[in-house]
Every structure is written in C-alpha cells, then in structure tokens.
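The primary structure of each chain is shown beneath.
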Amino acid sequence: MPYTAWIDHFTAEKARREHRGDPDWQAGAKLPETVWRSLQKFQVGEDGDGTNLIGKADLAGDPSYGAAVRMFVAEEQNHARLLARLLAADGRGTLGSHWSDAVFVRVRRLFGLRMELMVLMIAELVAVPYYRAVRDGSGDPLTGEVAGRILADEQRHIPFHRDRLRDSVAELPAAVRPAVLAGWRLLLLAAGVFVAVDHGPALHALRMPRTRFAVEVARSGGPVARDILAATDGATATATA
C-alpha cells in the first residue's frame, strides 16, 4: 500500500476512534494480581514519544512515510493512555520504567531504520496473542474492551511495518535477505519465549498456556518473512529483466 494510502488509513481510524469515544471507565475492572502486574509492564512498552523512530523515518526521504509513522506513534501512545486508564479503574498506577522495556528500546535503537522496524515488528507480533489472551481470558468487560481495541490496532500495524520492511530488505543483496529474515525469526522466537516466561503467571490466569503463547508468536513470523522475501525477490527479478 502506498504511504499516502496509509495516511488516509490512519486518518480514518483516528476519526472512527474519536467518534466511538472512550470505554466506560466508571465500570471499574477486577483482575488477578498477576494480570495487573503484566498489564503494567505492557503499558510501559506502549508508552514513549517515538522521537527516534520518527527521526529515522524522516531521514528515509519519503515525507508520506514520515507522516504515517507519526500517526502510528500516536496510536501507540493512545494504547499507553488506555492501559493507564484501565489500571486507574482499579486504583492502580503505572510503572515509571521497567528493565525489559529499557533493553528492548536500546536494541532497536542500535542501528538504522531497518533494525528499528524489525524489532518493532517483533513487538507487534508478540502483542497480538497477548492482547487476544487478555481480551478473551480476563472475564472482565472493561478489560476485554480495552484489550480488543488495542488488539485491532496491533493487527493493522503489522502490514504497515511489513510494507516498509519490504522496501528496506530489498536494498540488501539478494543472497543475504533469507539469512537476515531467518535471524529475525530466531529473535522473534526468543522474544516469545521471554514473554511467555516473564508473564507466565498472568498468561496462566488468562488460560493461555506458556508453550502455546510462545509457539503462536514464533509461527506468526513465517507468513511475514515469506511475504517480504516474495516481494523483494519479485522486485529483483523485475529490475533485472
């Protein structure tokens, strides 16, 4: 999808979100302690101003992409806001920071836009089964609604990052691309296992076995990697024809 189309997409989603309004925070929320602690960690991960990503997107040279990235960042900030309000619905505060998020941010900032997006894609693919588990397993209406809203956004973010990664991976030598994506899938597996262990008590309370969670995360990378490779291989073949 052209980045101008992504701008239209994000704009339409923002209008839909504003028309829908917030959930009914007055309803309150009741969850097991392990789930609350897990949500606090995810709230830290959703929070951030996106300055580093926006700066790299601007340097990519496509103003439409830079504008779309700003809209993506705004959606992630809204996720942080929703989770903070959900926590407040039970009288709980947010965490100022968490070491796992600090490590994640440090890794994705090490290199250029390609690495940033590959790590962000891992975060999105981990978030999808997590928020699905919260939505379906919490048994709390307010929590289910908040998780469902965030889940829908994260599912839309995957093709957005995939489109840019197609362009970025296509800049690599054709012989290198499969190895890069294979390495990325190993990182995705490691991330899935880490979250399954770190958030294991919460996943258990949500009736999501740790092993199943890790497997879902790992498997989700296959279609993404194949799609990127197919697109880049096709572009190479067209360019050399």
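Residues numbered from 1 in each chain as written. Predicted model: local features only at pLDDT ≥ 70, side-chain atom pairs only at ≥ 80, totals over all residues. Heavy atoms only, no water.

Considerations on the packing of helix H6 (residues 113–137) against helix H8 (residues 177–198)
Running from amino to carboxyl end, H6 crosses H8 at an angle of 45°, the nearest separation of the two axes being 10 Å. The orientation of H6 relative to H8 falls into the category oblique. Judged by the sense of rotation from one axis to the other, the crossing of H6 with H8 is right-handed. Listed contacts from H8 to Met118, Met121, Ile122, Leu125 and Val126 of H6 are Val180, Leu181, Trp184, Leu187, Leu188, Ala191, Gly192 and Val195. Class assignment of the residues belonging to the contact of H6 with H8 gives a composition of twelve nonpolar, one polar and no charged. (Axes fitted to C-alpha atoms, helices over the stretch in contact; angles between N-to-C directions. Helix = DSSP H or I, 4+ residues; strand = E, 2+ residues; numbered from the N terminus. Parallel < 35°, antiparallel > 145°, perpendicular 65-115°, else oblique. Left-handed = near helix turned anticlockwise from the far one by under 90°. Contact = heavy atoms within 4.5 Å. Nonpolar A, V, L, I, M, F, W, Y, C, P; charged D, E, K, R; others polar.)

So, the environment of Asp24
Within the secondary structure, Asp24 sits in the loop between helix H1 (3–20) and helix H2 (33–46). With a relative accessible area of 49%, Asp24 lands in the partly exposed category. Separated by 65 residues in the primary sequence, Asp24 and Ala89 have C-alpha atoms spaced 9.7 Å apart. (Buried < 20%, exposed > 50% of the residue type's maximum accessible area, 1.4 Å probe, protein only.)

Concerning the packing of aromatic side chains
Per the stated rule, a full pass over the model turns up nine aromatic pairs. Note on Trp6 and Phe10: the rings are 5.9 Å apart at their centroids and 35° apart in plane angle, and the pair reads as tilted. Here the residue Trp6 and the residue Phe10 both occupy positions in helix H1, the gap between them amounting to four residues, near one helical turn. In this pair, the class of Trp6 matches that of Phe10, namely buried. Considering the side-chain rings of Trp6 and Phe160, the 5.3 Å spacing of their centres and the 65° angle between planes classify their relative orientation as edge-to-face. Taken together, the residues Trp6 in helix H1 and Phe160 in helix H7 (residues 141–170) connect sequence positions 154 residues apart. Classification of Phe160 by relative accessible area gives buried; the value is 1%. One aromatic cluster is present, formed by Tyr3, Trp6, Phe10, Tyr65, Phe72 and Phe160 through successive ring pairs. The ring of Tyr65 has Arg164 lying over it, and the distance from NZ or CZ to the ring centre is 5.0 Å. (Phe/Tyr/Trp six-rings, centres within 6.5 Å; stacked < 30°, edge-to-face > 60°. Lys NZ or Arg CZ within 6 Å of the ring centre and 35° of its normal.)

Considerations on unusual backbone geometry
With phi around 65°, Arg207 is a residue other than glycine that occupies positive phi space. For Arg207, the position within the fold is in the loop between helix H9 (200–205) and helix H10 (210–240).

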